[in-house]
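So the chains spell out like this:
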Amino acid sequence: MELYHNQVTRAQGSFSLRMFHRSWGIMMIKENISAPCALLDFPTRDDFARELKNNQYDVVGITGIIVNVAKVREMCRMTRELSPQSVIIVGGHVAAIPGIENMIDADHIVKGEGIAWMRRYLGEDENAPIRHPAIVSGMRTRIMGIRLPERKGATAATIIPSVGCPMGCNFCTTSAFFGGKGKFVNFFETGDELFDVMSRMEDELKVKSFFVMDENFLLHRERAMRLLERMKEAHKSWALSVFASANAIRKYTMQELVELGVSWLWMGLESPKAGYSKLQGSDTRELTRELREHGIRVQGSTIIGLEHHTPDNIMAEIEHAVSHDTDFHQFMLYTPVPGTPLYQQMKEEGRLLSDVDYADVHGQFKFNFKHAAISRDDSKRYLDWAFWRDFQLNGPSLYRISRTLLAGFQRYKDYPDARVRERFTREMGRLSGVYSSALWAMEHQFRKVDRNVSEKIRALRHEFRQESGVISRMLPALLGPVLLWTTRREERRLARGKTYEPPTILERSNWVEA
Ligand code: B12
Ligand code: SF4
C-alpha cells in the first residue's frame, strides 16, 4: 500500500521514498458508527480467516478499488464459508465495475460515499456530524536502505475534508465515483470545522503537519481563508500538504499559500495541449518554479498516452513535463477506468481491450484501450522512460526537497509572521544535519548516474553547511558514509527481488468481549 514507490519515485532505486498508508475509507466508517466494529487492515488470508472463525459477525464489510476485485471475490467466498450468517457489504471504487454483482458474491454493493450508507443501514442517524479518526498519514518509512524511527508527532496526520471533485475531468475516477462534474461530498464545510478537527488531531497525535486528503483543497477559497484566519488567531504554525489544480493555486498569492502553511502541493501538469479546464491560463513551469522558490515542494502529475500523443511528439511532451523540475513527479498512463465518462466514451467507440485483467488497470503498466498511435507495449516503454528521465535529469527527490526546503528557509527565516518563521526554522533544525548527510551519500552514489546532478547535489550540500549549526555541520562526515553503505546494500537487496509488505492491523471499537 505504497504511494511514492508505486507511482512517483519508482525509478529512484534505493532513493525511492517507501511508506505504507492505512485504508482511510474504512477508518472513517468505523469512527462514525456506534455498532461494535473490528477493523482489519492489510490482513493476510490467515488473519482474515481467524477473525471470521473467532467471532460472530452480523456484517462483514469489504473495501477495495478496481485492481483488487479478485481479492474481494475471494474474501466474499471465504466469508460465506467461514461465517455464513454474515451479511456481506462491499464498497469503495471496486463497486464501479460494470456487472460487479455477477463477479462477487455480496449482499450489498455500495457505490459512492459509505459513511451515510452504513449509518442508514444500521439504523443510525446518517446526518450526524462526522467524527474524524486520528490518522497517522504513513508508516514504516524507508529511504536509502534504512527504516526511519517512528516518533509520535513526526509523521503528518491525514485530514479528509471531502471526497470527490467538482471539476469532473473525463478520466477522473474519484470525481465520477462521488457524483461527477459539479458534485462532491463535504465532510467539513467550513474553515472553522476544519480548524477544530485539526486542533483535535494536533492534541491527539502531537502533530504540526497535516496531509489534507481533498482532491482540490485550494478550490474552496473561502474555507481555506477562514482556516488561515483561525490559524493566525491561535498562532498555529502548521504545515499542510495539499492537492490542488493550477487554476485553483492561482487564486492565492504566494504569501497566502505560505501563511496557510502550504508546504507540499500535488498538481496536475497534463500536457498543455489537452485542454483541461483546471489548467486554463496557467504556465505550469513558471508556477512550479515560483512555488519552489517559496519553499513549497511540488509534486507534479503528468499523463502519458493522451489522445494527441504520437511516437513523434511524446518524447518532447515528456521532456516538457520533466523540465518542470518538480520535487516529485508522478506519471500515469491515460486510462479509461470503469465508471468514468472516458470509459463510457471508449466503450461506445469500441476501443476498450477486452483481455486486460482488472488487476492491471491502474495506469502503471500498459494501456487497457486501443490508442490511435501508440501500441500497448510502447505505452509501458514511454511510461518507464518518463520516470527514468525525470530521475536522471533532476536527481533523487530527496535532493530536490532538500533544495526547496533550503530556499524556503532562506527566504522566510526573517519573515514578520512568527508562525511562518517557526515552521521553516523547525523543519530546517530537525532536518539539516540529516539532509546534509543524505546529500553526501547521494552525491557519491549519483556519480554513477549523472555527474552534473552529482555536482549540483554537492553545491547544495555546501549551502546547507553554511546554514547549519556546528553539530549539523559535522554530522555528514560521520553519517554520510553510513548512509552510502546502507544505500548500496539496499540496491543489492532490491536487485535480488526484495519486497516490503505492510503489517496487519486490527482495531476494535465499541467492543465488549463475550
Ligand atoms: C490514499 C490513496 C491510496 C493509498 C492507499 C491507502 C490504502 N491503504 O488503501 C495509496 C497511496 C497506497 C494508493 C495506492 C493505489 N491507488 Co490509490 N488512492 C488513494 C486516494 C488518494 C485516497 C483514498 C482515500 O482514502 N480517500 C478518502 C476515503 C474517505 O474515501 P474512499 O476510500 O473512497 O472511501 C469512501 C467510499 O469509497 C466508501 N467506501 C470505501 N470502502 C468502503 C467499504 C464499505 C463496506 C462501504 C459500505 C463503503 C466504502 O466510503 C468511504 C467514505 O465515503 C484515492 C483518490 C481519492 N481521493 O479517493 C486514490 C485511488 C483510490 N487510488 C487509485 C489507484 C489506481 C491506486 C493504485 C492502483 C495506484 C498504482 N498504480 O499503484 C494503488 C493500488 C493500491 C491497492 N493495491 O489497492 C484509484 C482507484 C481507481 C479505481 N477506480 O479503482 C484512486 C481513486 C485514484 C484515482 N483517481 O485514480 N492509493
Ligand atoms: S481536478 Fe483532479 S481530482 Fe478534480 S476531476 Fe480533475 S483530475 Fe479529478
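The structure this text deals with has already been given above.
Residues numbered from 1 in each chain as written. Chains lettered and ligands numbered in written order. Predicted model: local features only at pLDDT ≥ 70, side-chain atom pairs only at ≥ 80, totals over all residues. Heavy atoms only, no water.

## Things to note about the environment of Lys 273
On the secondary structure map, Lys 273 appears in the loop between strand 13 (262–268) and helix 11 (284–293). Sequence spacing of Lys 273 and Glu 317 is 44 residues, and the spatial spacing of their C-alpha atoms is 9.7 Å. Other than its neighbours up to four places away in sequence, Lys 273 contacts His 308 and Glu 317. (Helix = DSSP H or I, 4+ residues; strand = E, 2+ residues; numbered from the N terminus. Contact = heavy atoms within 4.5 Å.)

## Details of the pairing of strand 15 (residues 328–333)
The side chains of a regular strand alternate between both faces of the sheet. Counted residue by residue, strand 15 has six buried out of six residues, so it is predominantly covered. A crossover links strand 14 (residues 297–304) with its parallel partner strand 15, the connecting element being helix 12 (residues 314–322), and its sense is right-handed. (Buried < 20%, exposed > 50% of the residue type's maximum accessible area, 1.4 Å probe, protein only. Right-handed = clockwise from strand over helix to strand, strands pointing away.)

## Re the nonpolar core
Phe 210, Phe 217, Leu 218, Leu 240, Leu 260 and Leu 291 are the most contacted members of the largest nonpolar core, which has 102 residues in total. It is helix 16 (residues 418–446) that provides the largest number of residues to this core, a total of eleven residues. Those residues within four positions of Phe 217 in sequence are excluded, and the remaining contacts are Leu 194, Val 212, Arg 223, Ala 224, Leu 227, Leu 240, Val 242, Phe 243 and Leu 260. (Core = buried A, V, L, I, M, F, W, Y, C linked by side-chain atoms within 4.5 Å.)

## Quick word on the site of ligand 1
Ligand 1 sits among 37 residues. The nearest are His 21, Thr 63, Glu 113, Thr 174 and Glu 215. Here a nitrogen atom of ligand 1 and a backbone polar atom of Arg 22 are 3.2 Å apart. Measuring from a nitrogen atom of ligand 1, one finds a backbone N or O atom of His 362 at 3.1 Å. For the shell around ligand 1, the secondary structure elements donating two or more residues are helix 1 (4–7), helix 2 (24–31), strand 3 (59–63), strand 4 (87–91) and helix 6 (173–177). Counted by class, the shell around ligand 1 contains 16 nonpolar, 17 polar and four charged residues. (Near = heavy atom within 4 Å. Polar contact = N/O pair within 3.5 Å; in protein donor to acceptor, adjacent residues only side chain to side chain. Nonpolar A, V, L, I, M, F, W, Y, C, P; charged D, E, K, R; others polar.)

## Describing the pattern of salt bridges
Evaluation of the coordinates by the stated rule reveals 44 salt bridges. One salt bridge connects Arg 461 with Glu 443, and the closest N-O pair in it is separated by 2.8 Å. Of this pair, Arg 461 sits in helix 17 (residues 451–467) while Glu 443 sits in helix 16, and the two are 18 residues apart along the sequence. Pair check on accessibility: Arg 461 and Glu 443 agree, each one buried. When salt bridges that share partners are traced, they join Asp 192, Asp 196, Arg 226, Glu 229, Arg 230 and Glu 233 into one network. (Salt bridge = Lys/Arg side-chain N within 4 Å of Asp/Glu carboxyl O.)

## A word on the sheet that holds strand 7 (residues 146–147)
With antiparallel pairing, three strands are arranged side by side in an open sheet as 1-6-7. With one partner strand each, in any of the chains shown, strand 1 (18–20) and strand 7 form the two edges of the open sheet. (Pairing = 2+ DSSP bridges.)

## Concerning the packing of aromatic side chains
For any pair of aromatic rings, the description consists of the separation of the ring centres together with the inter-plane angle of the planes. A full pass over the atoms with the stated rule returns 19 aromatic pairs. Measuring from ring centre to ring centre gives 6.1 Å for Tyr 57 and Trp 511, while their planes differ by 50°; the resulting arrangement is tilted. Residue Tyr 57 is located in the loop between helix 3 (45–54) and strand 3, and its partner Trp 511 is located in the segment after strand 16 (505–509); the two are separated by 454 residues in the primary sequence. Judged by its relative accessible area of 24%, Trp 511 is partly exposed. Residues Tyr 334 and Phe 369 carry aromatic rings whose centres are separated by 6.0 Å and whose planes lie at 80° to one another, so their mutual orientation is edge-to-face. (Phe/Tyr/Trp six-rings, centres within 6.5 Å; stacked < 30°, edge-to-face > 60°.)

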